[in-house]
Amino acid sequence: MDKAVMGKRAQGTGATGSVAIVGAGPGALDYLTVRGYFLLTQAQVVVYDALVDETLLTLTPPGCEHIYVGKRGGQPSLKQPTIDQLLVQQCQRGRRVVRLKSGDPFIFGRTSSEIQALHEVGGKVEVVPGISSALAAPLLTGIPLTDPAMSRTVALVSAHDPDSLDWEALARMDTLVLLMGARHLAIIVQQLMQRGRSPQTPTAIIRWAGQPQQQIWTGTLQSIVQKTAHQSLAPAVILIGEVVSLRPYLLSEQSYPPTPPTPPLTVTVEPDPTLSPTTTLASTPVSSLQSPSQPAAVPLSGKTVLVTRAAGQSSQFAALLQAQGATVLEMPAIEITAPSSWQALDGAIARLQQFDWLILTSANGVEYFFERLMAQGKDARHLATLKIAVVGKKTAASLSQRGILPDFTPTEFVADALVQEFPVPLAGVRVLFPRVETGGRDVLVQALTTAHAEIVEVPAYQSQCATAMPAAVRQALVAKPSAESSAQSSAKSSANEPTDALAVSGIDIVTFASAKTVRCFQQMLQREGISLPPTCQVASIGPQTSVACREQLGRVDLEAAEYTLEGLAQAIVQRALQPVEAE
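The rules we used
Residues numbered from 1 in each chain as written. Predicted model: local features only at pLDDT ≥ 70, side-chain atom pairs only at ≥ 80, totals over all residues. Heavy atoms only, no water. Helix = DSSP H or I, 4+ residues; strand = E, 2+ residues; numbered from the N terminus. Buried < 20%, exposed > 50% of the residue type's maximum accessible area, 1.4 Å probe, protein only. Contact = heavy atoms within 4.5 Å. Areas by Shrake-Rupley, 256 points an atom, 1.4 Å probe, with all protein chains shown as cover. Pairing = 2+ DSSP bridges. Axes fitted to C-alpha atoms, helices over the stretch in contact; angles between N-to-C directions. Patch = residues over 30% accessible without salt bridge, like charges linked within 9 Å, V, L, I, M, F, W, Y side chains within 5 Å. Salt bridge = Lys/Arg side-chain N within 4 Å of Asp/Glu carboxyl O. pLDDT = per-residue confidence, 0-100. Core = buried A, V, L, I, M, F, W, Y, C linked by side-chain atoms within 4.5 Å.

1. Concerning the overall build of the chain
Piece 1. Of the regular secondary structure elements, the chain holds 21 helices and 19 strands.
Piece 2. By residue count, 48% of the 583 residues in the chain fall in the buried class.
Piece 3. For the chain, restricting intrachain contacts to residue pairs at least 6 apart in sequence, the fraction spanning at least 24 positions comes to 68%.
Piece 4. Looking at the chain as shown, the accessible area adds up to about 27,900 Å², and 52% of this sits on carbon and sulfur atoms.

2. Quick notes on the sheet that holds strand β2 (residues 45-48)
Sheet strands pair by backbone hydrogen bonding; their relative direction is either parallel or antiparallel.
Piece 1. Here 5 strands make up an open sheet; going across it, the order is β3-β2-β4-β1-β5 and the pairing parallel. Both outer strands of the open sheet, β3 (65-68) and β5 (124-128), are each paired with one neighbouring strand and no more. Direction aside, the axes of adjacent strands within the sheet are offset by 20° on average.
Piece 2. Here β2 pairs with β3 via 4 bridges, running parallel. Bridging across to β3, Val47 finds its partner in Ile67.

3. As for a nonpolar patch on the surface
Piece 1. On the surface, a nonpolar cluster with roughly 270 Å² of combined accessible area is contributed by Phe108, Leu156 and Met180.
Piece 2. Inspection of the secondary structure puts Met180 in the loop between β7 (175-179) and α6 (185-194).

4. Considering the confidence of the model for the chain
A low pLDDT score tells you not to read the predicted coordinates there in detail.
Piece 1. Put simply, the chain has an average pLDDT of 81, and 79% of its residues get 70 or more.
Piece 2. Here helix α9 (residues 286-289) is the element of the chain with the lowest mean pLDDT, 31, and β7 is the one with the highest, 97.
Piece 3. Here residues 1-13 scores under 50 on pLDDT; set against residues more than four positions off or in separate chains, the count is 23 contacts.
Piece 4. Segment residues 479-505 is flagged for pLDDT under 50; beyond a separation of four residues in sequence, or across chains, it makes 35 contacts in the model.

5. Some remarks on the nonpolar core
Piece 1. Residues Leu352, Phe369, Phe370, Leu383, Ile388 and Leu432 are the most contacted members of the largest nonpolar core, which totals 30 residues.
Piece 2. Among the secondary structure elements, those contributing two or more residues to this core are β12 (327-337), α11 (343-350), β13 (357-360), α12 (363-375), β14 (387-390), α13 (393-400), β15 (430-436) and β16 (454-465).
Piece 3. Not counting residues within four places of it along the chain, the set of residues in contact with Leu352 comprises Phe369, Leu373, His382, Leu383, Leu386 and Leu432.
Piece 4. By size, the runner-up hydrophobic cluster in this structure holds 21 residues, among which are Leu170, Ile188, Trp217 and Ile240.

Below, the structure is given as structure tokens:
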């Protein structure tokens, strides 16, 4: 059809029916719009695609005709011109037609052709938006498409014909969302890596998003093809980008898809041939359809939290705090770099077959170990003879992103527990331990040695105190005092005492996830001439970090019960929920 006539109506054709092109969303009734629900209850004909959940057809009245047209790659389907003509014929018969499409009609839905055909015969057309799987799949699996630091650009791609795509441009995008690409996964990975995309880029594949049979695979560009080998992936959404690494920290404990509402939404209406957009939700309380007059309070509302962390690492912890209402300032206190020499690590990797266990105690250790593994032309297959032990959820998550599950993780997220709970006698066990080059604790090494394990320590990375403070943090730390406190500030200055800018800027909590960040933070404060006021709480991730807090800052106000970032966030929330005692 000539695109020049798009949107024009032919006159005098006698088409008396109407067609509503409805986005069904990713599947379950939970994600169908109220307008779509209403239209299905009034339909005389439903023309639906293969990926539409057929339980939605139960919403139609008795006598409604259901016409299946396929539209799934690799399976029998009506050709698009045939579907266009089918809609025209039903419309000309004066019938109320719902064209039910999975996802959103205007996202790779070939809706333009159908609208054009109906306009040419003067048919009435309505388009109802739906939730595209490109948006629902990431959300339902805890992956944000955008992030202030990780993803400012997102590309939505139809990957059914990889040869037609501009891979140079796509490789530069922060986040890629690819639909209809499951059969071409190997080609997609190859094209991106050939154009400079890091093999370690986090990658996820989500199959049947929003359905009871939903599945997800996570890995990297390097590992995802092998990890999904011999798996049936379609229909799938492929996500590529650093935001995939946020999943362990943002995934809700609620199962997806959620349990259908009880009682289910019911719509009481009189038949409406004109498909009026006005509906009566007779059995739904008005209060449930209105926004609450006041937003629900979150525990950290009004609190400002300063997060100290390693430079260059994503701050999932900040996201956890922000979700609870906190204003978060981030100050990288540590810089993670390569060790002074790769020789020891490379030598150990060259003789991996000589070791029984690989111990990894940090996400940094995982990252740098695998970087050198690949630099030697090896991959995860070369670890087949090794068992792997990790300490901490974040370390385990970093390992799982490379398609590997640890053989052992201690119940407590500290290195000391690893030796106490080790699943086999350690005497004579050959252990490879890639670790920080300097400044790390020796408790684990000493305990392994005492247990007569044969341990080989190799430097995998180095951590050092950051030398530069971000401008935004510096501004908050040295903010000018308010008028109320200016006299006190002047008095301190006259006495040659450091100004308590932290108190002035209103920072309520400072968090620490390692002993070294405490020491580096204190060095920064000394360089800036700032002291920590008693009004600012000190929050620690665990016992060893708390020791450093007391040594460097003189106190620790709260410590996580579970020695993880999630545990630290929970401790902060619990403290905020405690009633304030009257003075």
